[in-house]
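Residues per chain, in single letters:
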Amino acid sequence: MIHSLFLINCSGDIFLEKHWKSVVSQSVCDYFFEAQEKAIDVENVPPVISTPHHYLISIYRDKIFFVSVIQTEVPPLFVIEFLHRVADTFQDYFGECSETAIKDNVVIVYELLEEMLDNGFPLATESNILKELIKPPTILRSVVNSITGSSNVGDTLPTGQLSNIPWRRAGVKYTNNEAYFDVIEEIDAIIDKSGSTVFAEIQGVIDSCIKLSGMPDLSLSFMNPRLLDDVSFHPCIRFKRWESERVLSFIPPDGNFRLISYRVSSQNLVAIPVYVKHMISFKENSSSGRFDVTIGPKQNMGKTVEGVVMTVHMPKAVLNMNLTATQGSYTFDPVTKVLTWDVGKITPQKLPNLKGIVNLQSGAPKPEENPSLNIQFKIQQLAISGLKVNRLDMYGEKYKPFKGVKYITKAGKFQVITGREY
Amino acid sequence: MTDSKYFTTTKKGEIFELKAELNSDKKEKKKEAVKKVIASMTVGKDVSALFPDVVNCMQTDNLELKKLVYLYLMNYAKSQPDMAIMAVNTFVKDCEDPNPLIRALAVRTMGCIRVDKITEYLCEPLRKCLKDEDPYVRKTAAVCVAKLHDINAQLVEDQGFLDTLKDLISDSNPMVVANAVAALSEISESHPSSNLLDLNPQSINKLLTALNECTEWGQIFILDCLANYMPKDDREAQSICERVTPRLSHANSAVVLSAVKVLMKFMEMLSKDLDYYGTLLKKLAPPLVTLLSAEPELQYVALRNINLIVQKRPEILKHEMKVFFVKYNDPIYVKLEKLDIMIRLASQANIAQVLAELKEYATEVDVDFVRKAVRAIGRCAIKVEQSAERCVSTLLDLIQTKVNYVVQEAIVVIKDIFRKYPNKYESVIATLCENLDSLDEPEARAAMIWIVGEYAERIDNADELLESFLEGFHDESTQVQLQLLTAIVKLFLKKPTETQELVQQVLSLATQDSDNPDLRDRGYIYWRLLSTDPVAAKEVVLAEKPLISEETDLIEPTLLDELICYIGTLASVYHKPPSAFVEGSRGVVHKSLPPRTGSSESAESPEAAPSAGQAAEQPAVIPAQGDLLGDLLNLDLGPPVSGPPLAASSVQMGAVDLLGGGLDSLMGDESEGLRSDVGGSPAMGGGGGFAAPGPAVPAGVGAPLGSGLGDLFDLTGGVGTLSGSYVAPKSVWLPAMKAKGLEISGTFSRQVGSISMDLVLTNKALQVMSDFAIQFNRNSFGLAPAAPLQVHAPLAPNQSVEISLPLNTVGSVMKMDPLNNLQVAVKNNIDVFYFSTLYPLHILFVEDGKMERQMFLATWKDIPNENEAQFQLKDCSLSADAVSSKLQGSNIFTIAKRNVEGQDMLYQSLKLTNGIWVLAELRIQPSNPTLTLSLKCRAPEVSQHVFQAYDTILKN
């Protein structure tokens, strides 16, 4: 089970340590530093490192390494999931998961860690239970506490802790009862030189914000539930109902949570909302090249594509770029060789274009690699898979809640490869 | 108002100040002070000096303050055990508190204080809490048992906590069940055989019910526990699978992977014709793919597991190739894993796409990744024959890029392609040769040299090319030197006229100027081969090579099956069974062939060369075998014979045969034995004649083995003294007519731990014989005379003398064929005579060969099944007890006896002088004179001889 946890910042300082069993010396982190040094790039530090007596399993989030020490055979995914949960909790409590936030709230962090894990076994990881045990810091509360002398640690047993629905506490009360669902879809795609799709899939989630009094029992149904064949559910969802009726039936946790995540991968269901015309070439034996990229909207069902940003990792030999953008602005960082073009909204009447000259280091050979273009965009009020919520019903409570559904489509890892065809 | 203010006081009197604040009357000030203390603790500052002051704050009704003090206590109690006692009363009182939160907190904290004196007081409160009316307290107490067990296992057992814990598996609350399972799993990990979690259909049913209702973490524990269950038939397996399948849709990836493990394991039991089997296969793919859209760390673990799953059941993911395509911003560790899986999934149907991807990867920036991509192209060529041509042309394109490491990597894989498809792609050799100068890595140089040597007849300037390498011969790495030596010899055999000078040059470089024993030995072998029989040399050196297999890096099936049972665990990440690396997995003794030490005799013949004289001190270097494997030329087994030293001094360089001849002719069949050994045991080969103290000992094996043996020595004190094993009647080893009138007959015996060779020397000649001496050739178990052959008086004609020659097993070791072959040279005043004999293996069975039961079980399981050999012992109508006692006399020890359906099963162990353990299972059926003997041993080649020993002992 999880033995100890070290939090390490990018410059290699251990700024927090927590031990759930006996104390493990900080020196165990030396193995981690060694691996970190070898990996050069922070993202490339291997997540599982073995040392003579321990195993180090780490994640990298928000510029912090969460390094856990284990000594016996433990499922690594269990550890990694738990570490992410710890980071999520910090985020939830302090608004950000950063070294400053953690240092500012070190006692709460310590109390949280103690509450989340007991002897290496997870104890309470649901945010609503934790919040009953340890109140999140707010400016108001710390003022009140300092006046009244009361503490920010709950002294009664959280109600959800042992019921069959550990994710919900009893006695929730709101004056305005609301239930909001955000259907968020991200497109991961690889488009080849000729514009055909090499690979495309949609990663979708439904994030919910439920502020309902009492013990509401909700049913959410879709117009086209058949789309969802690869789904991960929040534990609150009754799996049997879904299997038989394709309806999401659940007693929701209180507040914000992720109801489901799903994946749509069959190619004909994944529409690609933008196209890119590109011409990037480097002349043989000359220290320059040409760059010409146009972005246009494709099947987007009448919705506007906005928030478009293109980033390109240019070849190492590129010295600088002289470009003109018909829309938006571009920057080129000569150190990292990253070109960023902030396009904004695409209007079909006048397609945004970026074109000009690429200057290469003189004498350098013609670059071998062809850069790939990474595109980000957003489309409001559209789930690109076509997923649509049909209706939401509530049982178990008498009041009438306010309901809302929002759709949004974003680019995930969306890249256009300029170098090859399939 | 943030906590960072706690860090700001860095003045000298910090501790002093804190002390004052802790003893303040104001509650608020106290709490602030404790917070400061905790803050210092989190960054590793030592605030243990404040122990009494902090403990004083413990008795409070403020829960936050109490929790903070507990946090402090857990950290420092160990270093201040006497002070910690002060806290006990409060703990015990808190365990009675009406608030369940406080009861649970107290028992939880007490369990974390690893001080013996405190744990004594813990027992009573813990017992109460395990039966508490509140499930929150019960579930906390369940974990506390595991904590206590970690501190004092005996105490937990004595107090009967384990039984209480087992009862909690039937608790009404799923969270309590999950924690009880987790605690029991942790405890049983340190007691592999204790069978704490004895699962039966009823308890399985309870677990499956709890599975649906408990937290995600609890689900992981329950699923891992389910995976250890063995369903009684396929119907039970199917019904469990059906109830586990919904877990595949869980948001927690660890739950998903644990569910995959259960399904993969139980699927084994389902018939493939079953509809359900197909459904299950289909259901497994989507969750595995979904894992790949998670955070990179999760992806990595998932990919390592998918790698196993793909090898076991390729059909699950065969249509999902695209999800394994590398994304440019994947971390490198994800990229490398994806590449591996792409190769595994490559087939004729998708090879075009895969190749296009790989070619693209080969132009990326990260060197490691690019190398692996190039290598992957080669593996595609070898795996999918139809694509070979395209792969080769892709590789040639890559070579044209002239990117140094790409070219080198490409050449290494092209060598393999040549091996796989002989006489097909040799047209590209010209292109390869153009890049000769740019190769600076040993592996690429060696590969290129191999190609030049292998295809010397097609390369016009092969001699020039090789000669160019020869210039810097001494600066090359061993790998390249060996390859160069072989290549030039090949060249010479193909074009003898032009290259005589070259071959002489390389042979002298290898034999006279090199410090490397492998190189020297290989040089000598070639030299002798070429000078004695060029035709034979051609046959050996240019022999047809075996084809290389399709997929080289598949995990061997038994290991794979074992790893499938460990999906989701560290073992699956490392692709090694847990016994191989997890510390504290007690009871599993991982053993391998013990090193054959004691080859103290140095190789006289080559060392006689003056230039290489002092080189004997050099440690033996063992070359990487990988590339050379299968190459028959890898005969670096040391000088062929470094026979009995009696004649050795006369051996000269170049005239090696003086003594060799005599023994060589005698050992006609031995060279085959040598050859079969090629590549098999580098330790032996490389060490040929050098004191190479066990370079093959895997690190870490020594310790557990050692302690195990220690126990054994204690056990066997009384047994060894009685031991006198069976002695065969003497037989004639050397007939008089072959030895100028000296007849030798003899036998081997073992008594009280010492081996002796009982000889009768008979003089059938007409003259008196004297000056006897005896010498053994190197043999499989290092048998050697422990004393000189003592024949006190000259042996008159027609006189016999009986001599018992004590033997030891510290002589030089060389694997013989048959294994128990012993070659002996006997000298007298007339001549030197040679004979060979076979010794019965039971003289090597040592007195401390009784294995501990636990270890026996673990070892039996640990030895792969293919090492098991089964034999029939015919015509032996002894009872089990008689068999047992008879075998015991020859140091075969019965560890356990079991009666299964009327048959007696004897479990036995024995140990050879060189430390090899042999485990046996002997089945005796009452009315049947044929016994069945199953032997398991890490060195399976001894099994046949052990069986013979059994046979001899039981029949006499």
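Preceding this section is the structure that the text describes.
First things first, this report covers the structure right here in the doc. What you are looking at is a predicted structure, and each value in this text was computed from that prediction instead of being measured.

Definitions and limits used
Residues numbered from 1 in each chain as written. Chains lettered and ligands numbered in written order. Predicted model: local features only at pLDDT ≥ 70, side-chain atom pairs only at ≥ 80, totals over all residues. Heavy atoms only, no water. Buried < 20%, exposed > 50% of the residue type's maximum accessible area, 1.4 Å probe, protein only. Helix = DSSP H or I, 4+ residues; strand = E, 2+ residues; numbered from the N terminus. Pairing = 2+ DSSP bridges. Axes fitted to C-alpha atoms, helices over the stretch in contact; angles between N-to-C directions. Parallel < 35°, antiparallel > 145°, perpendicular 65-115°, else oblique. Left-handed = near helix turned anticlockwise from the far one by under 90°. Contact = heavy atoms within 4.5 Å. Nonpolar A, V, L, I, M, F, W, Y, C, P; charged D, E, K, R; others polar. Buried area = accessible area lost by both parts, 1.4 Å probe. Salt bridge = Lys/Arg side-chain N within 4 Å of Asp/Glu carboxyl O. Phe/Tyr/Trp six-rings, centres within 6.5 Å; stacked < 30°, edge-to-face > 60°. Lys NZ or Arg CZ within 6 Å of the ring centre and 35° of its normal.

1. A closer look at the pairing of strand β7 (residues 821-827) of chain B
All names here are of chain B.
For step 1, the next point in the chain: Within β7, six of the seven residues are buried, which leaves the element mostly enclosed by the surrounding structure.
For step 2, the next point in the chain: Across four bridges, the pairing between strand β4 (residues 773-776) and β7 is antiparallel. Within β7, the position partnered with Ala 773 by the bridge is Lys 827.
For step 3, the next point in the chain: Where β7 and strand β8 (residues 832-838) come together, seven bridges link them in antiparallel fashion. Among the inter-strand pairings, Gln 823 is bridged to a residue of β8, identified as Ser 836.
For step 4, the next point in the chain: Where β7 folds back on β8, the antiparallel hairpin that results is connected by four residues.

2. A short note on the sheet that holds β7 of chain B
All names here are of chain B.
For step 1, the next point in the chain: Strand order across the open sheet formed by three strands is β4-β7-β8, with antiparallel pairing between neighbours. Each edge of the open sheet carries a strand with a single partner, namely β4 and β8. This sheet shows a mean twist of 25° between the axes of neighbouring strands, independent of strand direction.

3. Let's talk about the packing of helix α28 (residues 496-512) of chain B against helix α29 (residues 517-532) of chain B
All names here are of chain B.
For step 1, the next point in the chain: The N-to-C vectors of α28 and α29 enclose an angle of 140°; their axes lie 7 Å apart at closest approach. Taken together, α28 and α29 sit at an angle that is classed as oblique. As for the relative orientation of α28 and α29, their crossing is left-handed in sense. Contact residues: Val 503, Leu 507, Ser 508, Ala 510, Thr 511 and Gln 512 in α28; Leu 519, Arg 520, Gly 523, Tyr 524, Tyr 526, Trp 527 and Leu 530 in α29.
For step 2, the next point in the chain: Grouping the constituent residues of the contact of α28 with α29 by class yields eight nonpolar, four polar and one charged.

4. Examining the interface of chain A and chain B
For step 1, the next point in the chain: Contacts between chain A and chain B engage 91 residues on the former and 94 residues on the latter.
For step 2, the next point in the chain: Taking both partners together, chain A and chain B bury about 8200 Å²; carbon and sulfur atoms supply 59% of that area.
For step 3, the next point in the chain: Linking chain A with chain B are seven salt bridges, by the criterion used here.
For step 4, the next point in the chain: One salt bridge in this structure joins Lys 67 of chain B and Glu 115 of chain A, with 2.8 Å as the shortest N-O distance.

5. Quick word on the packing of aromatic side chains
For step 1, the next point in the chain: If you walk through the whole model with that rule in mind, you get 29 aromatic pairs over all chains.
For step 2, the next point in the chain: Both rings, one in Tyr 300 of chain B and one in Tyr 333 of chain B, keep their centres 5.4 Å apart while their planes meet at 85°; by these two values the pair is edge-to-face. Here Tyr 300 of chain B is found in helix α18 (residues 296-312), whereas its partner Tyr 333 of chain B is found in helix α19 (residues 332-345), with 33 residues between them in sequence.
For step 3, the next point in the chain: Of the residues examined, Tyr 333 of chain B reaches a relative accessible area of 9% and is grouped as buried.
For step 4, the next point in the chain: Ring geometry for Tyr 421 of chain B against Tyr 425 of chain B: centres 6.2 Å apart, planes inclined by 85°, an arrangement best described as edge-to-face. Both residues of the pair, Tyr 421 of chain B and Tyr 425 of chain B, count as buried.
For step 5, the next point in the chain: Following the ring pairs from residue to residue traces out a cluster consisting of Phe 78, Phe 82 and Phe 121 of chain A together with Trp 217 and Phe 221 of chain B.
For step 6, the next point in the chain: Above the face of the Phe 369 of chain B ring, Lys 335 of chain B is positioned so that its terminal group lies 5.3 Å from the ring centre.

By themselves these figures say nothing about function.
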